[in-house]
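Structure at a glance
Next come the chains, spelled out residue by residue.
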Amino acid sequence: MDNKELTAIKGIVKYSAKTGNFYRNESDSPAKLVTKNKHALIALRKADFHNMYSAWKIAIYMSHGYWPDEGDTCEYVDGDAKNLSLNNLRVIHFGDDETTVMDYCIDNQLEYRHVSIKMRKEKRIRRSVGGMSYWFYKKADFARQCKDLKQINFEQVKKPSIGKRKNTHIMEFLRTHTIVPKRWEMTLC
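Below, the structure is looked at part by part. (Residues numbered from 1 in each chain as written. Predicted model: local features only at pLDDT ≥ 70, side-chain atom pairs only at ≥ 80, totals over all residues. Heavy atoms only, no water.)

1. Examining the overall build of the protein chain
Test applied: Helical segments are the DSSP runs of H or I of at least four residues, strand segments are the runs of E of at least two, and each set is numbered from the N terminus. Think of it in three bands: with a 1.4 Å probe and only protein chains considered, a residue is buried below 20% of the maximum accessible area for its type, exposed above 50%, and partly exposed in between. In what follows, residue pairs with any heavy atoms lying within 4.5 Å of each other are defined as contacts. Method for areas: the Shrake-Rupley scheme with a 1.4 Å probe, in which residue coverage is limited to the protein chains shown.
Of the regular secondary structure elements, the protein chain holds seven helices and ten strands. For the protein chain, the proportion of its 189 residues judged to be buried stands at 32%. Taking contacts inside the protein chain between residues at least 6 apart in sequence as the whole, the part at least 24 apart equals 47%. Element-wise, carbon and sulfur atoms account for 53% of the exposed surface of the protein chain, whose accessible area totals about 14,000 Å².

Structure representation (structure tokens):
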């Protein structure tokens, strides 16, 4: 997020930390919120500026003066995503003590399906990283839930050979048989 965008946001919208409402600067009319997934978005338009931003990120910027990082997410204290008052917003920063199920499986040589089943009831945090959405868990929760799982030796895992055998059959058939199209089939080309 560059300074030009941040100053444009301050010039377009005002935020009330008590009520959690957003207002347009020119007319003091409430800004419309668009709900997408869990978070509300605000469409900001000016002559040369048009973009959509997370309402909670604008609220944090307007009240604390910094723009949350891409990996940061917001937790609503009362569980209501429409309540954007400052005391209802808790910013959760991306940390080294979090990881995804897939990354934990790769690091510890565990099977994904077993780890996924063990972690189903654990508290998780949804983060947007590079435009994709992922579920993150605490590493301590992984250690507690997955301590009894056995590691996999990837060299001993056999790959299925059915596809290769099938392809060899087809190639052998094509070598031994000549396929000549009939006259009416040639006109379809």
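2. Regarding the nonpolar core
Nonpolar side chains in soluble globular proteins generally cluster together in the buried interior. To keep things clear, this is the line we draw: Buried residues of nine kinds, namely Ala, Val, Leu, Ile, Met, Phe, Trp, Tyr and Cys, make up a nonpolar core once their side-chain atoms join them within 4.5 Å.
Membership of the largest hydrophobic core comes to 24 residues, with the highest contact counts inside it found for F22, L44, W56, I58 and L89. Only helix 1 (3-12), strand 1 (13-15), strand 4 (39-45), helix 2 (55-64), strand 6 (73-76) and strand 7 (89-92) provide two or more residues apiece to this core. Considering each element in turn, this core owes the most residues, six residues, to helix 2. Sequence-distant contacts of F22, that is, excluding residues within four places in its chain, are made with V13, K14, Y15, S29, P30, A31, L33, I42, A55, I58, A59 and L84.

3. Topic: the side chain of S54
As for its position among the elements, S54 is in strand 5 (residues 50-54). Once residues within four sequence positions are removed from consideration, S54 is found in contact with A40 and L41.

4. Quick notes on the sheet that holds strand 8 (residues 98-99)
The test is simple: Here, a strand pair is defined by DSSP locating no fewer than two bridges between the strands.
Within the open sheet, the three strands sit side by side as 8-10-9. Their pairing is antiparallel. Each having just a single partner strand, strand 8 and strand 9 (125-129) make up the two edges of the open sheet. In this sheet, strand 10 (residues 132-138) lies alongside strand 8 in antiparallel orientation, the contact comprising two bridges. Bridged to T99 within strand 10 is Y137.

5. Details of the side chain of D72
Here is the rule we go by: In the analysis that follows, any N or O atom pair within 3.5 Å is treated as a polar contact, provided that within protein one partner can donate a hydrogen and the other can accept it, and provided that, for residues neighboring in sequence, both atoms belong to side chains.
By the element assignment, D72 lies in the loop between helix 2 and strand 6. Of the polar contacts made by the side chain of D72, one reaches the backbone nitrogen of D69; its length is 3.0 Å. One polar contact links D72 to H93, side chain to side chain, over a distance of 3.1 Å. Ignoring any residue separated from it by four or fewer positions in sequence, one finds D72 in contact with W56, V91, I92, H93, F94 and R127.

6. A closer look at helix 2
Counting buried residues along helix 2, seven of its ten residues qualify, which places the element largely inside the surrounding structure. Buried within helix 2 we find A55, W56, K57, I58, A59, I60 and Y61. With its phi angle positive at about 85°, G65 sits one or two positions after the end of helix 2.

By themselves, these are just geometric observations and shouldn't be taken as functional.
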